[in-house]
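Summary of the model geometry
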Amino acid sequence: MKAIITILLSFVSISPIQAENGYELWLRYHRLADPRPLAQFLTAPAVCGNSPVIAAAREELTKALSGLTGHSYTILSTPNPRTSFIAGTPASSRVIPTLVSSHDLAAIGEEGFIITNTISNGRTAIAANTDIGVLYGIFHFIRLLQTQQPLQRLHIVSTPKIKLRLLDHWDNLDRTVERGYAGASIWNWHHLPDVLDQRYTDYARANASIGINGAVLTNVNADAQVLTRPYLEKVKALAGVFRPYGIKVYLTARFSAPVEIGGLRTADPLNDTVQLWWKEKAREIYSLVPDFGGFLVKANSEGQPGPQDYSRTHADGANMLAAALAPFRGIVMWRAFVYSQQSSDRFKQAYEEFTPLDGRFSPHVLVQVKNGPIDFQPREPFSPLFGAMPHTPLMMEFQLTQEYTGQGTHLLFEAPMFREVLDADTYSKGSGSTIARTIDGSLDQFPLSGMAGVSNIGSDINWCGHPFAQANWYALGRLSWDHSLSSAQIADEWLRQTFTNDPAFVVPVKKIMLRSHDLLVNYMTPLGLAHIMYNGHHYGPMPWGNSLGRPDWNPVYYHRADSTGIGFNRTETGSNALSQYAPELQAQFGNLDRCPEEYLFWFHHVPWQHRMRSGRTCWEELCYRYYAATDSMKAVVQAWGELGKYIDTERYHLVQQLLNVQLKEAIWWRNACLLYFQTFSRKPIPGVYEQPDHPLEYYRQLRFVFVPGQSK
Ligand code: BDP
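Residues numbered from 1 in each chain as written. Predicted model: local features only at pLDDT ≥ 70, side-chain atom pairs only at ≥ 80, totals over all residues. Heavy atoms only, no water.

Looking at the pattern of salt bridges
By the definition in use, this model includes 34 salt bridges. The salt bridge partner of R205 is D202, with a shortest N-O separation of 2.9 Å. Taken together, the residues R205 and D202, both in helix 6 (residues 198-209) and 3 residues apart, mark about one turn of the helix. Among the salt bridges present, the one from R379 reaches E420, with a minimum N-O distance of 2.9 Å. Placement of R379 in the loop between strand 11 (365-370) and strand 12 (394-399) and of E420 in helix 12 (residues 415-423) is noted, with a sequence separation of 41 residues between them. One salt-bridge network, held together by shared partners, links E597, R613, R616, E621 and R625. (Salt bridge = Lys/Arg side-chain N within 4 Å of Asp/Glu carboxyl O. Helix = DSSP H or I, 4+ residues; strand = E, 2+ residues; numbered from the N terminus.)

Examining the nonpolar core
Of all hydrophobic cores here, the largest spans 228 residues; its most connected members are F242, W278, W473, L622 and F677. In terms of residue count, helix 21 (residues 649-681) provides more of this core than any other element does, 13 residues in total. Those residues in contact with F677 that lie beyond four places of it in its chain are L529, P543, H559, A561, I566, W608, W619, L622 and Y626. (Core = buried A, V, L, I, M, F, W, Y, C linked by side-chain atoms within 4.5 Å. Buried < 20%, exposed > 50% of the residue type's maximum accessible area, 1.4 Å probe, protein only. Contact = heavy atoms within 4.5 Å.)

Considerations on the site of the ligand
Lining the immediate environment of the ligand, one finds 14 residues, of which E178, K298, R335, K370 and E403 sit closest. Within the side chain of N221, one N or O atom sits 3.0 Å away from an oxygen atom of the ligand. Within the side chain of K370, one N or O atom sits 2.7 Å away from an oxygen atom of the ligand. Its residues placed into classes, the shell around the ligand shows 4 nonpolar, 2 polar and 8 charged. (Near = heavy atom within 4 Å. Polar contact = N/O pair within 3.5 Å; in protein donor to acceptor, adjacent residues only side chain to side chain. Nonpolar A, V, L, I, M, F, W, Y, C, P; charged D, E, K, R; others polar.)

Comments concerning the packing of aromatic side chains
As enumerated under the stated definition, the model contains 50 aromatic pairs in all. The interplanar angle of 65 degrees and the centroid separation of 5.6 Å between the aromatic rings of F337 and Y339 together place this pair among those described as edge-to-face. In terms of burial, F337 and Y339 fall into one category: buried. Taken together, the ring pairs connect Y23, W26, W187, Y200, Y203, F242, W463, W473 and Y474 into an aromatic cluster. Here the guanidinium or amino end of K370 rests over the ring plane of F337, the centre of that ring lying 3.2 Å away. Residue placement shows R616 over the ring face of Y624; its charged tip is 3.6 Å from the ring centre. (Phe/Tyr/Trp six-rings, centres within 6.5 Å; stacked < 30°, edge-to-face > 60°. Lys NZ or Arg CZ within 6 Å of the ring centre and 35° of its normal.)

A few points about the sheet that holds strand 8 (residues 248-252)
Pairing in this closed barrel of 8 strands is parallel, and the strands run 6-7-8-9-10-11-12-13 around the ring. Neighbour-to-neighbour, the strand axes of this sheet turn through a mean angle of 25 degrees, independent of strand direction. Both strand 6 (residues 164-168) and strand 13 (residues 450-454) contribute to a ladder of 5 bridges, which runs parallel. Among the inter-strand pairings, L164 is bridged to a residue of strand 13, identified as G450. (Pairing = 2+ DSSP bridges. Axes fitted to C-alpha atoms, helices over the stretch in contact; angles between N-to-C directions.)

Brief notes about the pairing of strand 2 (residues 85-88)
Neither face of strand 2 is open: one carries F85 and A87, the other I86 and G88, and all of them are buried. Direction of pairing for strand 1 (residues 46-47) relative to strand 2: parallel, over a ladder of 2 bridges. Counted as the bridge partner of A46 is I86 from strand 2. For the crossover that starts at strand 1, traverses helix 2 (residues 52-69) and ends in the parallel strand 2, the hand is left-handed. Bridging between strand 2 and strand 4 (residues 124-127) involves 4 bridges; their strand directions are parallel. Paired with I86 across the two strands is A125, which belongs to strand 4. (Right-handed = clockwise from strand over helix to strand, strands pointing away.)

Concerning the environment of L578
Among the secondary structure elements, L578 is positioned in the loop between strand 14 (565-566) and helix 18 (583-589). Considered as a pair, L578 and N117 are 461 residues apart in the sequence and their alpha carbons are 52 Å apart. Excluding residues that lie within four positions of it along the chain, L578 makes contacts with R570, T571, L585, Q586, F589, G590 and F603.

Quick notes on the packing of helix 14 (residues 470-481) against helix 15 (residues 487-498)
Where helix 14 meets helix 15, the axes come as close as 10 Å, and the angle between the chain directions of the two elements is 125 degrees. Judged on the interaxial angle alone, helix 15 and helix 14 are oblique. For the element pair helix 14 and helix 15, the recorded crossing hand is right-handed. Here Q470, A471, Y474, A475, R478 and L479 of helix 14 come into contact with helix 15, specifically with I490, E493, W494, Q497 and T498. (Parallel < 35°, antiparallel > 145°, perpendicular 65-115°, else oblique. Left-handed = near helix turned anticlockwise from the far one by under 90°.)

Here it is as structure tokens:
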């Protein structure tokens, strides 16, 4: 008997933590180790008001307090004399104006909130001017509880720096997801509008908790069907679920829709009948979804129809749609991801097409620009369009889904990559003209501002496939609310909410996250290499790729390796794409010795024997970067190996297996790339390194047929 008890006890002690599947995301309200200190702050909590938004806030708070403390809580709708926690607006509660300063209230605008307990007798107040501000404040307060922040002397005044904080879903109506690595689309169009999956509500909760206030439901490679009545009914149903969480729906508009579903002969934006068709369509949409956000448009890009089909400009197309939406306060997000015209350098095309149109877009249009000039590579210098269109609000498009950055298997925390872009100085209005200030509208005084992330969400039980990919969704929300947050702060919050507050776990894993971007860049595309992935699905290395019809679809176009060196000369003696940047940056990037090494091959064709800052030659440095990165990846696998006791086994093992895949693939990248580039450098891989275990031919003949996320 004693033996059995001992066995049972030891079983209990070695697996004390329940298995978890990751569905709860960061809204994981498990009992805190010691919830007792919270009690004084949570006596008879009240959330005032009676709108659906407030009902959602009350429900969330009930769930969070009960889960985190282990006691059941009922949230009051008006405070009583014992109440130590009260949330509301001046309109929903007479007490609120006595607990916060009018100055703070004036500062937070429509969506902001105040959390304070400094003004009146220990009561904690969450105050806002609107119910949605209250909801955001409550989510923030829950975050403080989850991450065990001190609750004494709180005085937080928070307001979003960016107005449109969006997820762009590249989801098709057949539930495939373009560049999706987490299963099928979460929108079950076939069941909608009658079946409202609980996931839609949980999706909205997660978004609201990080301040995301809009969702573009459909792929930029758009299907006009979504604008037909039956689909609009489905969109209406989703909008109804999202509304209490402050989330508006947007759709992608296929430019040829008037022809495809409207029976017109043309989609020419200057044609009266076409304009009328879009006006009627807008009226129909708003009759179903009165708070519809607007359209996102990909036009004259990668085969999509657009105004240039009728010899009109992007501005003509965007303004026509904006005129249809403006009476209902809808907006147009017009993408600048274009490279349909031949040019000496794909890098230059968006700039060449869009800068002449600066000042010609309607005030209801934002131009949506990818962070880099090419296409979501592991590391790109910022797109020179930022800073070059002072009369047009530009919004940021980041890619959360990891199309070119390890897809479903690599741990990559994207916040450092986003930060690098947001902090970059365009010098458009002198030093300090950062991209953050460009896209938040403050530099050029735009009322509209936006940041979008191409969603990495799918039907997988844990939403994003890789448990750590959730952190990128989280980061996008947090940075679009407050682009001054550090990557470390975001990682810290996310880890504590998602896994545990135990520093023995948080500290080492935060380190792994913060280094993950540099690491991935170095085993895939070090020193400014880009676009050397396989054709089509973009899974794995294919630096030798040279078989596609257009030169700028082929990897060899991007790296330009030859017997003399490697890299794309974009200086004056080359394509001169550098001239699209401010003179300060031209001087820096254009000089081989001053150019940051991270961007070297983006701008220079570098001789193999060139001395790098380390003292190594260019070839030796390339070898060094690839090998150092795979070594660091081994260290990551090892570090994770020590952490099993701090979190649930299910997520722990999944991450462990994925890290091993990542290591295997990092070595594959290193070997394939170095063996290939060696055919040009004609130098050995230094003997200190473990030599590749297969010849180049082996890597060249690898084929992958059913890679997820491949576009059709
Ligand atoms: C590229 C993707 C392609 C997208 C395109 C876009 O490979 O699937 O349709 O971007 O952004 O990265 O439109």
